[in-house]
Amino acid sequence: MPPTDRGFSVMAGLVPAIRASTCAAADGRDKPGHDEQRTVPRSPSAVCMIAALFVLLAVGMLPAQAMEPGETVQASVRLADKQLPLPRGEWFVAGLGGQALPHDAVGPFGVIRTAVLLQRTGDRVTAIAEFNTNDIAVSDGWEPRGTCESVTPELGLVRYRSRLDFSCIVITATQTAANGPPAWQQARSFIAAHHLRIAETMLTAAFMVSDRQDVVDARLHFDPALFPEHDEAQRILLAWAARFAPEFEKGMANQLSGPPLDGPLRAALLSDTPALDRRLLALETLQRNGIITAADALSQQQAAQTERPRSAEDEFGSATMDGWFYRVSTPLINFVTAYGITQSGPLAIAITLTEQVAHSLIQAANQASWDRATSQATQHNVPWPALAHIGDVDRLTGASS
Amino acid sequence: MTSRLRLSRGSLRLWLLPVLLAVLCPAAAAQPLLLVQSELADLRPAEVTGLDWNAKPRGELPNRFCATRPDASARLALASQTLTRRQRDACAAAKGGRLIESLIGRRAVIAMTGGASFGLTPDILYRALVRDVPGPDGALAANRTMRWRDLDPALPDAPIRVLLPPVDTIENRIVAEILLYEGCAARAATVLPADSIKRMAVCTTVRADSTVARASDKFTVSAWLRSQGGAAIALVGVAVLLAEPELETALPLEGVTPSFANIADGRYRATLPVYLLSVLSPATARAVASVAGPLLAESTIGPLGKLPRQGLAPLAAADRVKLRLNLGREFENAAD
């Protein structure tokens, strides 16, 4: 492992250690009673101060954290103070730079940092990692990425979308001969200088993740020659990307630890439900240690099978069906009730229609009011940066590193 | 004998205790017996203790499993096939209880490559690997094909280099009996001997030239693939796949990718099932459960468990949970 990586690992270990410490409870993340002791605000004790000093000294002694062009890295890299995950294997840092964005799209995030890393077998580039992230954290979240709006379930997934955070995946294809950000130009020069072969079109898993402070726009490109035929390749890549996406969230919180995840091809061979496998094993361990009963373990194992991430997008499902049922059943019930009271068909129809029209008007007004409130609430000052990516034919960006 | 005569009265009592127990409660005294097909002997989990583990050849295992009195001690078996109807009817052990045959996983052969992906079929593998194949005149002749492209224009224009599993493994049987024999039966049916043993030999005797190599402890599969060029393939089992993280690209067989899901549900054909056979009766239910419980635990047969590292391709998560649930109910019912 290169020294920089060792440094990252130590850092990654230190951050949760500090957070877990009761000394750091005042940062707002600690929960009272988490360590079975009451957490009360108090002045830092001498022990805490010494521990904090030790941690600061240890951090200060770490090697430089920024990756350097030409460096070989594994597991993750650090860009603009965020960890960015890499699939298993050695990656070569082939390009680093910034992106000069159109001035109408610039928010108070400084600059977008870009890194391009290559993975190769022999003289063939088998994968490219393209990372973009903001340099300075903002405070009110980011507009969701428009690319995810029209994604089909076969080619993408909106993992979640809330007032302040957002995560989506899109599977696409990338032309490697086309232009891209300055970091990609550096990588292309490296590829040409070392006579490496690269596929003209690569299979791409695009990850777009944002929280209140930061945004990560990452694309992992894979050599399609290693994959089975097209539809199967897309299916494998999307299934893998859905499992890999949480790594970006962990990295944004600087919480990446443990071994790297396998790439899509190997991961497809080992398990189709890695998170469920870990859960089943953890439940069994709890049972073996006498913490939960065998019946509880079995019932939770069964429940674990149906608990999975779903698209945050609206789907034609139970909500729609419930809506139709409600629309048909309500007038019917109203009519029967009105007829029961008035014993007059025309009068009952008139009452039902009046109620229905009034209800519809109130509902429309209510919906419009909610839409207005929601759209105002989810409008952020910072739009999603209009980035240049590898394969963007029409967009050339100047270096601004 | 002299030393036994010198035993003190106290130690004599110690010797007598297990003997008395064995006489009074034979089922409780004997250790449960787990018969295992010799090719599956590598699946022995270290943590299943207190068990008489006995490897038997494939042909002998059903008879040994069944040839016991219904009231004998708990008897289980790991086998790559279930009992035939005739064996079930004649199975004395099964007469004293309920015969349970549970699929607990599979053994699989996966074609790994260090280069670009291309499709394989039993026919291609047969014509690439077997010593004598039908020539232009239809008669069997020495196989002189040296490049993949000679077998199919869609294959890479590169030398044939194939690493086969070690001879005495179940993975090698999968290669021979499922891949090579099937390709042979389709391609050379008219020129094969009528005798089934000779036919199997003709169909599965592999070449001895540079196209074929055997896996060995002396080198890793990844290193072998790197040394042989981009179109070399290695036919490996799950244990090798898990042991070598560098192995990434698997080749589809008859258009089916050897993904976890395809192997688990049997769509990928280069596999053999692994069954746990047991006979449950009120007398043996607890002893059988004491063996089957740890053997079917998630930490044993799950993807993160021990047996996959020894070659078992796990079932899908839902099937593993269902297996434990159903067998648990069977044990409870039998014990009641």
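Residues numbered from 1 in each chain as written. Chains lettered and ligands numbered in written order. Predicted model: local features only at pLDDT ≥ 70, side-chain atom pairs only at ≥ 80, totals over all residues.

Draft legend 1. Expanded view of the packing of helix H13 (residues 285-295) of chain B against helix H15 (residues 317-335) of chain B. Residues and elements named next belong to chain B. Running from amino to carboxyl end, H13 crosses H15 at an angle of 160°, the nearest separation of the two axes being 9 Å. It follows that H13 is roughly antiparallel to H15 by the angle criterion. Between H13 and H15 lies a crossing whose hand is left-handed. Along the contact surface, H13 presents Ala-285, Arg-286, Ala-289 and Ala-292, while H15 presents Leu-327, Phe-331, Ala-334 and Ala-335. Among the residues forming the contact of H13 with H15, the class breakdown is seven nonpolar, no polar and one charged. (Axes fitted to C-alpha atoms, helices over the stretch in contact; angles between N-to-C directions. Helix = DSSP H or I, 4+ residues; strand = E, 2+ residues; numbered from the N terminus. Parallel < 35°, antiparallel > 145°, perpendicular 65-115°, else oblique. Left-handed = near helix turned anticlockwise from the far one by under 90°. Contact = placed C-beta atoms within 7 Å. Nonpolar A, V, L, I, M, F, W, Y, C, P; charged D, E, K, R; others polar.)

Draft legend 2. Local environment of the interface of chain B and chain A. If you look at the interface, chain B gives 25 residues, while chain A gives 26 residues. Only strand E11 (249-250), helix H12 (260-264), helix H14 (298-301) and H15 of chain B provide two or more residues apiece to the side of chain B that touches chain A. For the side of chain B that touches chain A, a count of residues per class yields 16 nonpolar, seven polar and two charged.

Draft legend 3. The sheet that holds strand E9 (residues 212-214) of chain B, seen in detail. Residues and elements named next belong to chain B. Overall, mixed pairing links the five strands, which are arranged E9-E8-E10-E5-E11 in an open sheet. Of all the strands in the sheet, the pair left with one neighbour each is E9 and E11. Bridge count between strand E5 (residues 110-113) and strand E10 (residues 233-236): four bridges; the pairing is antiparallel. Its bridge partner lying in E10, Thr-113 is registered against Ile-233. (Pairing = 2+ DSSP bridges.)

Draft legend 4. Quick look at the sheet that holds strand E1 (residues 33-37) of chain B. Residue and element names in this part refer to chain B. Spatially, the five strands line up as an open sheet ordered E2-E1-E3-E12-E4, and their pairing is mixed. A strand with exactly one partner marks an edge of an open sheet, and here the two such strands are strand E2 (52-56) and strand E4 (98-108). On average, each strand axis in the sheet is tilted by 20° relative to the strand beside it, whichever way the strands run. Of the strand pairs in this sheet, strand E3 (residues 75-79) and strand E12 (residues 271-280) are connected by four bridges, and their pairing is antiparallel. Pairing of Leu-76 across the sheet is with Ser-278, part of E12. Along the sheet, H13 makes contact with E1, E3 and E12, crossing E12 at roughly 155°.

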